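# Report on the structure
Okay, here's what each chain looks like letter by letter:
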Amino acid sequence: MKVKVRYFALVAEITGCSQETLELPAGATAGGALAAAAARHGRLAAPGFTPLLAVNRRHAPQEQPLSEGDEVAIFPPVSGG
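So, a few notes on the structure that sits alongside this text. (Residues numbered from 1 in each chain as written. Predicted model: local features only at pLDDT ≥ 70, side-chain atom pairs only at ≥ 80, totals over all residues. Heavy atoms only, no water.)

## As for the nonpolar core
In this structure, Leu24, Leu66 and Ile74 are the most contacted members of the largest nonpolar core, which totals 23 residues. Those elements that provide at least two residues to this core are strand 1 (2–7), helix 1 (10–15), helix 2 (30–40), strand 3 (52–55) and strand 5 (71–75). A per-element tally of this core places helix 2 first, with five residues. With residues near it in sequence (within four places) discarded, leucine 66 still touches Met1, Val3, Leu24, Ala28, Thr29, Ala30, Ala33, Val55 and Val72. (Core = buried A, V, L, I, M, F, W, Y, C linked by side-chain atoms within 4.5 Å. Buried < 20%, exposed > 50% of the residue type's maximum accessible area, 1.4 Å probe, protein only. Helix = DSSP H or I, 4+ residues; strand = E, 2+ residues; numbered from the N terminus. Contact = heavy atoms within 4.5 Å.)

Below you can see the structure in the form of structure tokens.
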């Protein structure tokens, strides 16, 4: 299945792009999309780097199942103070 993956802030800097389409196997999850993105852009797999995920503009855990045409957003953790 194809999903659109969007990258924000530091993640976009790491990947060198703001979005791309990834081909994932049926039954893939948001975490699977992250793993596929990390396979293409190795720095996303750096130890200790735990980006946040959203599916179709809603915060999602890595276990969130995906469907054809979903949009997965990957962005760095945010802190404030």
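## Describing unusual backbone geometry
At alanine 9, a residue that is not glycine, the phi angle is positive and equals roughly 50°. With respect to the element layout, alanine 9 can be found in the loop between strand 1 and helix 1. With a relative accessible area of 53%, alanine 9 lands in the exposed category. A positive phi angle is found at arginine 57, which is not glycine, with a value near 70°.

## Some points on the pattern of salt bridges
This structure, assessed with the given rule, holds three salt bridges. Ionic pairing is found between arginine 6 and glutamate 71, a salt bridge with its closest N-O pair at 3.9 Å. Here arginine 6 is found in strand 1, whereas its partner glutamate 71 is found in strand 5, with 65 residues between them in sequence. We classify arginine 6 as partly exposed; its relative accessible area is 23%. Taking the shortest distance from any N to any O, the salt bridge between arginine 57 and glutamate 71 comes out at 4.0 Å. Separated by 14 residues along the polypeptide, arginine 57 in the loop between strand 3 and strand 4 (58–59) and glutamate 71 in strand 5 bring together distant segments of the chain. Take arginine 57: its relative accessible area is 71%, and that puts it in the exposed class. Judged by its relative accessible area of 15%, glutamate 71 is buried. Several salt bridges share partner residues, and in doing so they unite Arg6, Arg57 and Glu71 into one network. (Salt bridge = Lys/Arg side-chain N within 4 Å of Asp/Glu carboxyl O.)

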